[in-house]
Amino acid sequence: MASKLYINGTRRGLGKYLVTKYGDLCVSTMDECDVFINNKHDGYIQIHRLYQAYHKGKRIINIGSASSDWTKGHQKEFRYALEKKQLRDANDALFYEGANTTIINFGYFDTERSAHKDVPKMSLEYVDSIIMWVLEQPHRVKEITVTPNGH
């Protein structure tokens, strides 16, 4: 892969893993990138960043969540799920406007954020392979959901 990447949310977890692995391809601003990996969950700001990248004509990979399917009945995670659902809906709308935007709705993967969860988790290497698979496709991919076995 020779694309320049701008990845936000690189202090820990998936973002840290990606910037460590692809460091020589990573740039420090959205203006410099070919691909924006919208990784940092920060409430609804993730949606704002999606629209910024769209207006700059960038290829976008949104890191969504399988939790966007459970916006009812999961009180503790409701806010997170709702925010990810809104990101999913914004991705959907922009995709049909012609944007090259994809949302990948992951289940749990092995990071500090989910360390306390006693559930099956995907490795960061596997999560990375899904992101790279999407980027290698010759056609636009709107959405994909990937969850660990047993969850």
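Preceding block: the structure.
K.L.:
I'd like a description of the pairing of strand β2 (residues 35-38), backed by residues and values.
P.N.:
What you see with β2 is no split at all: V35 and I37 on one side and F36 and N38 on the other are buried throughout. Where strand β1 (residues 5-7) and β2 come together, three bridges link them in parallel fashion. Paired with Y6 across the strands is F36, a residue of β2. With helix α1 (residues 13-21) bridging β1 and its parallel neighbour β2, the resulting β-α-β unit is left-handed. Direction of pairing for β2 relative to strand β3 (residues 59-65): parallel, over a ladder of four bridges. The residue of β3 that forms the bridge with I37 is I61. Taken together, β2, helix α2 (residues 45-55) and β3 constitute a β-α-β crossover, and its handedness is right-handed.

K.L.:
Give me the packing of α1 against helix α4 (residues 124-136): which residues, what numbers.
P.N.:
It is at 10 Å that the axes of α1 and α4 come closest, and there the two elements cross at 70°. On the basis of the axis angle, α1 is roughly perpendicular to α4. Residues G13, L14, Y17, L18 and K21 of α1 lie in contact with α4, whose contacting residues are L124, E125, V127, D128 and I131.

K.L.:
Give me the lowdown on the side chain of D128, citing residues and values where you can.
P.N.:
Position of D128 relative to the elements: it lies in helix α4. Exposure remark for D128: the relative accessible area of 2% places this residue in the buried category. What D128 contacts, discounting residues up to four positions off in sequence, is Y17, L18, K21 and Y22.

K.L.:
Any chance you could break down the sheet that holds strand β4 (residues 101-106) for me, citing the residues and the numbers?
P.N.:
With parallel pairing, the five strands of this open sheet are ordered in space as β1-β2-β3-β4-β5. Either end of the sheet is taken by a strand with one partner, and the two such strands are β1 and β5 (143-146). Neighbour-to-neighbour, the strand axes of the sheet open up by a mean angle of 15°, direction not taken into account. Strand direction decides the pairing type here: β3 and β4, joined by six bridges, are parallel. Paired with S65 across the strands is F106, a residue of β4. Sitting on the sheet, α4 is in contact with β2, β3, β4 and β5, with an inclination near 155° to β4.

K.L.:
How would you explain the pattern of salt bridges if you had to name every residue and give the values?
P.N.:
Summed over all chains, the structure comprises seven salt bridges. With a closest N to O distance of 4.0 Å, E143 and K142 form a salt bridge. Overall, the relative accessible area of 29% leaves E143 in the partly exposed class. Look at the salt bridges and you will find they share partners, linking R88, D92, K142 and E143 into a network.

K.L.:
Help me get a handle on the packing of aromatic side chains, residues and values and all.
P.N.:
Any two aromatic rings considered together are summarised by their centre-to-centre distance and by the angle between their planes. Taken as a whole and assessed by the stated rule, the structure comprises three aromatic pairs. Where F95 meets Y96, the ring centres are 5.3 Å apart and the plane angle is 85°; that geometry is what we call edge-to-face. The class of Y96 is exposed, set by a relative accessible area of 59%. A ring pair is formed by F106 and F109, whose centres lie 5.6 Å apart and whose planes are at 85°; its orientation type is edge-to-face. Residue classification places F106 among the buried residues on the basis of a relative accessible area of 2%. Given a relative accessible area of 15%, F109 falls into the buried group. The ring of F95 carries the charged tip of R140 above its face, separated from the ring centre by 3.8 Å.

Rules behind the numbers
Residues numbered from 1 in each chain as written. Predicted model: local features only at pLDDT ≥ 70, side-chain atom pairs only at ≥ 80, totals over all residues. Heavy atoms only, no water. Buried < 20%, exposed > 50% of the residue type's maximum accessible area, 1.4 Å probe, protein only. Helix = DSSP H or I, 4+ residues; strand = E, 2+ residues; numbered from the N terminus. Pairing = 2+ DSSP bridges. Right-handed = clockwise from strand over helix to strand, strands pointing away. Axes fitted to C-alpha atoms, helices over the stretch in contact; angles between N-to-C directions. Parallel < 35°, antiparallel > 145°, perpendicular 65-115°, else oblique. Contact = heavy atoms within 4.5 Å. Salt bridge = Lys/Arg side-chain N within 4 Å of Asp/Glu carboxyl O. Phe/Tyr/Trp six-rings, centres within 6.5 Å; stacked < 30°, edge-to-face > 60°. Lys NZ or Arg CZ within 6 Å of the ring centre and 35° of its normal.

Geometric descriptors of this kind do not, in isolation, establish any biological role.
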